[in-house]
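So the chains spell out like this:
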Amino acid sequence: MTKNLFAQITGLGMCVPPKILTNADLEKMVDTSDEWITQRTGIKERHLVEGETLSDLSVIAAREALQDAGLKGEDLDLIIVSTTTPDMQFPSTSCLVQKELGAKKAACFDLAAACTGFIYGLSVANQFIISETYKNILLIGGEVLSSITDWQDRSTCVLFGDGAGAVILEPTREEKGIISVYLAADGNFADFLKVPAGGSRQPATIKTVQQRLHFLKMRGNETFKVAVRAMGEAAKEALSLAGLSSKDVDCLIPHQANIRIIKAAAKRLGLDEDKVFINVEKYGNMSSASSAVALYEAVKCGKVKQGSIVVMTAFGSGFTSGGCVIRW
Ligand SMILES: CC(C)(COP(=O)(O)OP(=O)(O)OC[C@H]1O[C@@H](n2cnc3c(N)ncnc32)[C@H](O)[C@@H]1OP(=O)(O)O)[C@@H](O)C(=O)NCCC(=O)NCCS
């Protein structure tokens, strides 16, 4: 009997722009302090673009992932870019990436599931692979959140950063790679975290610009509470789909929004902190790039090894949430 197909991650890449904005820098911009930001979020610094675009960051991350997998652009069958901050409303950023990589035969689309986008993307790529539709898939989680950050709003501007992470997924008949994925959404919370204008509901006008409606707005405190619950639940559901429990987890890679959310979600899963990968202090919340970059760093630093059971869990605007179990 032929063994089942699995989608395995065979290449990893990442890119953050060189410019760093520290908490001390933010103290000069808004009424805040390093102490407040560190205590409430765990963030110490974040990387911001200085002219680079999302496609620039994505292409650098993608080239590294391709090299890691031993593939070339022309080998790709599909490119997915998960983002809420595309270069333009259209064409999709994935098409811009395709051009730079010379990935002539790749189909391309962008995916919008906010901070959960990388896990949604893993799910989509997994489906294309196990259905034998495509073989070599490039998935990028990337954001230039600084482009929608209100630098006058201290309650949000301290939280976010820019970056991109990329993975290559390929089929394998060994039981490794994506073991299970769980996705969820609840549109009742759509107002909690959004960019009100710039879409077809409220196109750009002088008034929308003056009212700062093109920037991200968030009800932070309420978002926090739902995030803790949803990230814990998504991880549990993914583990249950895989026939595993918290005891089997070698490394939890949670969405890097806030150290307190990460610790509370880990506690809900009954996981010791040494099993949790955390890099929020260096990058802040990079939305869908956070999970991709965290996976990259967890593998490169040796926290994730051959055979490790990795659980990714994320939460984002929508609200969306998702969990994924990977056997590395
Ligand atoms: C944003 C967040 C860090 C705020 O922390 P919090 O403990 O909820 O703080 P609150 O919003 O209740 O604000 C507490 C006080 O700090 C103040 N404050 C807000 N931002 C501040 C800042 N950067 N510096 C100093 N004070 C600040 C508030 O004005 C408020 O003051 P008040 O009590 O005088 O009104 C937290 O709610 C959070 O992380 N939420 C989830 C965000 C998130 O992850 N979003 C993305 C999901 S993918």
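Scoring rules and cut-offs
- Along each chain, numbering runs from 1 in the same order as the chain's sequence is written.
- The predicted nature of this model means local features are confined to residues of pLDDT at least 70 and side-chain atom pairs, given and counted, to a pLDDT of 80 or more, with totals for whole chains, interfaces and linings taken over all residues.
- Processing note: side-chain calculations cover all non-hydrogen atoms of the structure and skip hydrogens and water entirely.
- Starting at the N terminus, helices and strands are each numbered in turn, a helix being any DSSP run of H or I of at least four residues and a strand any DSSP run of E of at least two.
- Helix span, as expected, comes to 1.5 Å for every residue beyond the first.
- We call a residue buried when its accessible area falls under 20% of the maximum for its residue type, exposed when it is over 50%, and partly exposed in between, using a 1.4 Å probe and counting protein chains only.
- Any two strands are treated as partners once DSSP identifies two or more bridges connecting them.
- Whenever a helix is involved, its axis is fitted only over the stretch in contact; in every case the axis is a line through C-alpha atoms, and angles between N-to-C directions fall within 0 to 180 degrees.
- Handedness of a crossover: with both strands directed away from the viewer, a clockwise path from the first strand across the helix to the second marks it as right-handed.
- Boundaries of every domain are those given by an automatic assignment or by a domain database.
- Residue contacts follow a heavy-atom distance rule, with two residues in contact if any of their heavy atoms lie within 4.5 Å.
- By buried area we mean how much accessible surface two parts lose on assembly, using a 1.4 Å probe and totalling the loss over both.
- By definition here, a salt bridge exists when the distance from a side-chain nitrogen of Lys or Arg to a carboxyl oxygen of Asp or Glu is within 4 Å.
- Counted as a polar contact is a pair of N or O atoms within 3.5 Å, where, for protein atoms, one must be capable of donating a hydrogen and the other of accepting one, and residues adjacent in sequence contribute only when both atoms are in side chains.
- Residues are grouped as follows: Ala, Val, Leu, Ile, Met, Phe, Trp, Tyr, Cys and Pro are nonpolar; Asp, Glu, Lys and Arg are charged; all remaining types, including Gly, are polar.
- An angle counts as roughly parallel when it lies under 35 degrees, as roughly antiparallel when it exceeds 145, as roughly perpendicular when it falls between 65 and 115, and as oblique in every other case.
- Two helices that cross are described as forming a left-handed crossing if the nearer one is turned anticlockwise from the farther one by less than a right angle, and a right-handed crossing if clockwise.
- Here, proximity means that at least one heavy atom of the residue falls within 4 Å of the molecule or strand.
- Only the protein chains shown count as cover for residues, and the accessible areas themselves come from Shrake-Rupley with a 1.4 Å probe.

A word on helix α11 (residues 288–300)
Line of reasoning, step 1. With 13 residues, α11 ought to run about 18 Å at 1.5 Å a step, and its terminal C-alpha atoms sit 19 Å apart, in line with that.
Line of reasoning, step 2. Where α11 is concerned, the buried positions are Ser288, Ala289, Ser290, Ser291, Ala292, Val293, Ala294, Leu295, Tyr296, Glu297, Ala298 and Val299.
Line of reasoning, step 3. Positive backbone phi, approximately 90°, marks Gly302, located one or two places after α11.

So, the sheet that holds strand β11 (residues 251–254)
Line of reasoning, step 1. Across the sheet, four strands lie side by side as β8-β13-β12-β11; this open sheet has mixed pairing. Across the chains shown, the open sheet's two edge strands, defined by having one partner strand only, are β8 (177–185) and β11. Recorded for the sheet is a direction-independent mean angle of 15° between the axes of neighbouring strands.
Line of reasoning, step 2. Sheet topology note: the strand β12 (residues 309–316)/strand β13 (residues 320–327) ladder contains eight bridges and is antiparallel. Bridge pairing in β13 places Val310 opposite Ile326.

Observations regarding the pairing of strand β5 (residues 107–111)
Regular strands have side chains that alternate between both faces of the sheet.
Line of reasoning, step 1. As paired elements, strand β4 (residues 78–82) and β5 share five bridges and run parallel to each other. Within β5, the position partnered with Ser82 by the bridge is Leu111.
Line of reasoning, step 2. The handedness of the β4 to β5 crossover, carried by helix α4 (residues 93–101), is right-handed.

A word on the domain arrangement of the chain
Line of reasoning, step 1. Domains assigned within the chain are domain 1 (6–175) and domain 2 (179–327).
Line of reasoning, step 2. On a C-alpha basis, the centroid separation for the pair domain 1 and domain 2 is 14 Å.
Line of reasoning, step 3. Taken residue by residue, the interface counts 51 residues in domain 1 and 50 residues in domain 2.
Line of reasoning, step 4. Counting each side, the surface lost to burial between domain 1 and domain 2 is near 3,800 Å², with a carbon and sulfur contribution of 64%.
Line of reasoning, step 5. Summed over the shared surface of domain 1 and domain 2, the number is three salt bridges.
Line of reasoning, step 6. Counting the contacts that link domain 1 with domain 2 gives 20 residue pairs in polar contact (both at pLDDT 80 or more).
Line of reasoning, step 7. Every element with two or more residues in the side of domain 1 that touches domain 2 is listed here: β1 (6–15), α2 (34–41), β3 (45–47), α3 (54–69), α5 (117–130), β6 (137–144) and β7 (162–172).
Line of reasoning, step 8. Split into classes, the residues belonging to the side of domain 1 that touches domain 2 amount to 20 nonpolar, 21 polar and ten charged.

Quick word on the sheet that holds β6
Line of reasoning, step 1. Within the open sheet, the five strands sit side by side as β1-β7-β6-β4-β5. Their pairing is mixed. Each edge of the sheet is formed by a strand with only one pairing partner; in this case those strands are β1 and β5. Across the sheet, the axes of successive neighbouring strands diverge by a mean angle of 20°, strand direction being ignored.
Line of reasoning, step 2. Examined bridge by bridge, β4 and β6 share five bridges and lie parallel to one another. What sits directly across from Ser82, in β6, is Gly141.
Line of reasoning, step 3. Here α4 sits on the sheet and contacts β4, β5 and β6; the angle it forms with β4, its principal contact strand, is near 130°.

Some thoughts on the packing of helix α8 (residues 220–241) against helix α9 (residues 259–268)
Line of reasoning, step 1. Contact geometry of α8 with α9 gives a least axis separation of 9 Å together with a crossing angle of 40°. In terms of orientation, α8 lies oblique with respect to α9. Once α8 is placed against α9, the crossing between them reads as right-handed. Within the contact between the two elements, α8 uses Phe224, Ala227, Val228, Arg229, Met231, Gly232 and Lys236 and α9 uses Arg260, Ile261, Ala264, Ala265 and Arg268.

Structural notes on the side chain of Ser288
Line of reasoning, step 1. Looking at where Ser288 falls in the secondary structure, it is placed in helix α11.
Line of reasoning, step 2. Using a relative accessible area of 0% as the deciding quantity, one classes Ser288 as buried.
Line of reasoning, step 3. Among the polar contacts listed, one links the side chain of Ser288 to the side chain of Glu143, at a separation of 3.2 Å.
Line of reasoning, step 4. Dropping the residues within four chain positions of it, Ser288 is found in contact with Ser82, Thr83, Ala114, Cys115, Gly117, Phe118, Gly141, Gly142 and Glu143.

Some remarks on the site of the ligand
Line of reasoning, step 1. Neighbouring residues of the ligand: 24 residues in total, closest Thr32, Arg40, Arg154, Asn221 and Asn258.
Line of reasoning, step 2. One nitrogen or oxygen atom from the side chain of Thr32 is found 2.7 Å from a nitrogen atom belonging to the ligand.
Line of reasoning, step 3. One nitrogen or oxygen atom from the main chain of Gly220 is found 2.9 Å from a nitrogen atom belonging to the ligand.
Line of reasoning, step 4. For the ligand, whose free accessible area comes to 960 Å², the fraction covered by protein is 73%.

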